Amino acid sequence: MIKRRFILNFPPDSGDKPLSYHLVRDYDIRINILKAEVFPGKRGSLLLEMQGTAANIEAGISYLTRHEVVCEPLEKRIRFQHEKCINCGNCTAVCFAGALTIGPPDWELQFDKSLCVVCELCVTACPLKLFEINFQ
Amino acid sequence: MTIKTYEEINRKIKAGEAVVLTAEEVSEMARSCSPEEIAERVDVVTTATFGAMCSSGAIINFGHTTPPIRMEKIRLNGVPCYEGLAAVDSYIGATACDPEKPEYGGAHVIQDLLEGKEIELEAWGKGTDCYPRKHIKTRITKDSVNEIFLFNPRNAYQNYNVAVNTTARLIHTYMGTLLPNLRNATYSTAGELSPLLNDPEFRTIGIGTRIFLGGAQGFVVWPGTQFNTSKPKNEFGIPVSNAATIAVIGNLKEMSPEFIQAAYFEKYGTSLFVGMGIPIPVLDADMARRVSIRNDQIETSVLDYGSPGTPKLGQVTYEQLRSGTIKVNGKKVRTAPVASLAKARQIASLLKKSIQEGAFEITCPVQMFPQHTSLKSLTETEGEKQP
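Given the structure is predicted, the values throughout are model-derived calculations rather than measurements.

Caption draft 1: Up close: the overall build of chain A. If you tally the helices and strands in chain A, you get four helices and eight strands. Starting at the N terminus and walking to the C terminus, you meet the elements of chain A as β-α-β-β-α-β-β-α-β-β-α-β. In terms of overall dimensions, chain A has C-alpha extents of about 45 × 35 × 20 Å along its principal axes. For chain A, the residues scored as buried account for 48% of the 136 residues in total. Relative to all contacts within chain A whose residues are 6 or more apart in sequence, the contacts with residues 24 or more apart total 66%. Computing the positive centroid from 16 side-chain charges and the negative centroid from 16, chain A places the two 2 Å apart.

Caption draft 2: Expanded view of helix H7 (residues 341–356) of chain B. Along its 16 residues, H7(B) runs 22 Å from first to last C-alpha, staying within 8% of the 22 Å computed at 1.5 Å per residue. Within two residues after H7(B), B:Gly358 carries a phi angle of roughly 80°, on the positive side.

Caption draft 3: Local environment of the environment of B:Asp89. Residues and elements named next belong to chain B. Along the chain, Asp 89 turns up in strand S6 (residues 89–93). Residues Asp 89 and Glu 147 lie 58 residues apart in sequence; the distance between their C-alpha atoms is 9.2 Å. Among the polar contacts listed, one links the side chain of Asp 89 to the side chain of Asn 61, at a separation of 2.8 Å.

Caption draft 4: Seen up close, the interface of chain B and chain A. Each partner contributes to the interface: chain B provides 28 residues, whereas chain A provides 22 residues. For the chain B and chain A pair, buried surface summed over both sides reaches about 1,800 Å², with 60% attributable to carbon and sulfur atoms. When the buried area of chain B at its contact with chain A is split by residue, B:Thr177, B:Arg334 and B:Pro337 rank highest and sum to 21% of it. Across the chain B-chain A interface, the total number found is zero salt bridges.

Caption draft 5: Structural detail: the sheet that holds strand S2 (residues 30–39) of chain A. All names here are of chain A. Here we have four strands laid out as an open sheet, ordered S2-S3-S1-S4, and antiparallel in their pairing. Every other strand in the sheet has two partners, leaving S2 and strand S4 (70–73) as the edge strands with one partner each. Across the sheet, the axes of successive neighbouring strands diverge by a mean angle of 20°, strand direction being ignored. Two elements, strand S1 (residues 2–10) and strand S3 (residues 43–52), share nine bridges in a ladder whose sense is antiparallel. When the bridges of S3 are listed, Ile 7 appears paired with Leu 47. Sitting on the sheet, helix H1 (residues 19–27) touches S1, S2 and S3, and the angle it makes with S2 is about 170°.

Caption draft 6: How the structure looks around the packing of aromatic side chains. Taken as a whole and judged by the stated rule, the model has 16 aromatic pairs over all chains. Ring plane angle 45° and centroid distance 5.5 Å describe the contact between A:Tyr27 and A:Tyr63, whose orientation is recorded as tilted. Highlighted residues: A:Tyr27 in helix H1 and A:Tyr63 in helix H2 (residues 54–66), separated in sequence by 36 residues. Each member of the pair A:Tyr27 and A:Tyr63 is classed as buried. Here the aromatic rings of B:Phe227 and B:Phe369 are separated by 5.2 Å at their centres, their planes lie at 70°, and the arrangement is edge-to-face. With B:Phe227 in the loop between strand S15 (216–223) and strand S16 (246–251) and B:Phe369 in the segment after H7, this pair connects stretches of sequence that are 142 residues apart. The exposure class of B:Phe227 is buried, given its relative accessible area of 7%.

Caption draft 7: Region of the structure containing the pattern of salt bridges. Residue and element names in this part refer to chain B. Inspection of every chain in the model, using the stated rule, returns 23 salt bridges over all chains. We note a salt bridge from Arg 290 to Glu 201, for which the minimum N-O separation is 3.0 Å. With Arg 290 in helix H5 (residues 285–291) and Glu 201 in the loop between strand S13 (185–187) and strand S14 (210–213), the pair connects residues that are 89 residues apart, well separated along the chain. Taking the relative accessible area as the measure of exposure, Arg 290 reaches 9% and is therefore buried.

About the cut-offs
Residues numbered from 1 in each chain as written. Chains lettered and ligands numbered in written order. Predicted model: local features only at pLDDT ≥ 70, side-chain atom pairs only at ≥ 80, totals over all residues. Heavy atoms only, no water. Helix = DSSP H or I, 4+ residues; strand = E, 2+ residues; numbered from the N terminus. Buried < 20%, exposed > 50% of the residue type's maximum accessible area, 1.4 Å probe, protein only. Contact = heavy atoms within 4.5 Å. Lys, Arg positive; Asp, Glu negative; His and termini not counted. Charge placed at Lys NZ, Arg CZ, Asp CG, Glu CD. Expected span 1.5 Å × (residues − 1). Polar contact = N/O pair within 3.5 Å; in protein donor to acceptor, adjacent residues only side chain to side chain. Buried area = accessible area lost by both parts, 1.4 Å probe. Salt bridge = Lys/Arg side-chain N within 4 Å of Asp/Glu carboxyl O. Pairing = 2+ DSSP bridges. Axes fitted to C-alpha atoms, helices over the stretch in contact; angles between N-to-C directions. Phe/Tyr/Trp six-rings, centres within 6.5 Å; stacked < 30°, edge-to-face > 60°.

Right under this line is the structure:
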């Protein structure tokens, strides 16, 4: 069993299909919706955590792709210019998901993208504007 | 009893024989050595900080053109600079900005210049007999101007408050983004490494003290604005809230972008991260005791930035702040720094190395700071006009 997070972008006419239901029933994937934005008739975006066998997750992703859902690993949608970071800690103050942490011994920023819940608070909290997150 | 003079310490520095420790190293040493032993063995202790210091800026002399202009309105990349200093002198403050572009401020102009970038200078004058020109638009760099030096009126606060927010609304402050309902707490001081906490009564830091400023050698030139020696102190003589400050000067042309960084705080404005290091001579056992101060002995006040008048909600130590959580109003609150301890440590180490190599001598202040100072508030002499 593995656990991975994906950002799913739905086309305008996909709102009537119970795609996540099929992920659970047909591919035996445990899903956890961490963030959702749905604009009926326009678009929809989901941050979905999938837990299952690697093969099932891969098959589930193929199923979504066949239904014109753009499906990308979360890490690919997060851009962080780590080389410019001054380790001030401002982003860690807002990251309640625990993806951004700073502490002993070296007090340098650690970023575990797999824990990100795309709250996007770090985007504005960083005084150097080093974060970009593409959810839509 | 050990008593050392500045001259003796400098002789050792020049000979490459000075024993130099960072403030963190000496605090560790103090767990097993007495102040007397530390005074015996250690000559200089290096302190440092790297935080956003809003009261910072640069004085620039642009040089004269032919025909000359008396600059009476000045913009650098669209950011307004002070126009009341003769014809071609100016001051660009870190927090200055064009209200239409609040994310790019004076701090960013300073950083761009420091990085060697070209900046657009536009200035206007009314035209006088001796300065006939009325307008100029040109490009400058740090090398094209005559002088550009940082002159920061209030830096390196001796201690600073912890910020929390008890309201139900997320707020944006210079202490970072404060989540609602006490969901986080931010703090900005480098604790036991912080310069003014290692010499709380200013026995060695005063006017003329040579310091590390932004990667170059700079100087303390005056007590900083809002210099306050009357704040309540704890049993270790440490003020438990923001107290004294220093005004500093240094040549921006010699500084490094590694230790000066522009910042934009959401819905607040721009500021400048300034890297600063101050060497403290261990003149005697009393100074040894001062520089040995530890995070568990330095306390600061927790203030509610969400409520009018920022009421105090508690008092915590830097050891507690660094542990990741503090207790406020009986609730566990997650802490985060908003100043870089990693950078401060880098500066303290660099300064230590410079002193060990004989490249940085310590200075006896030419004048000590005033004592028994306190702050005045701004009173309103005109009542609010009723509509």
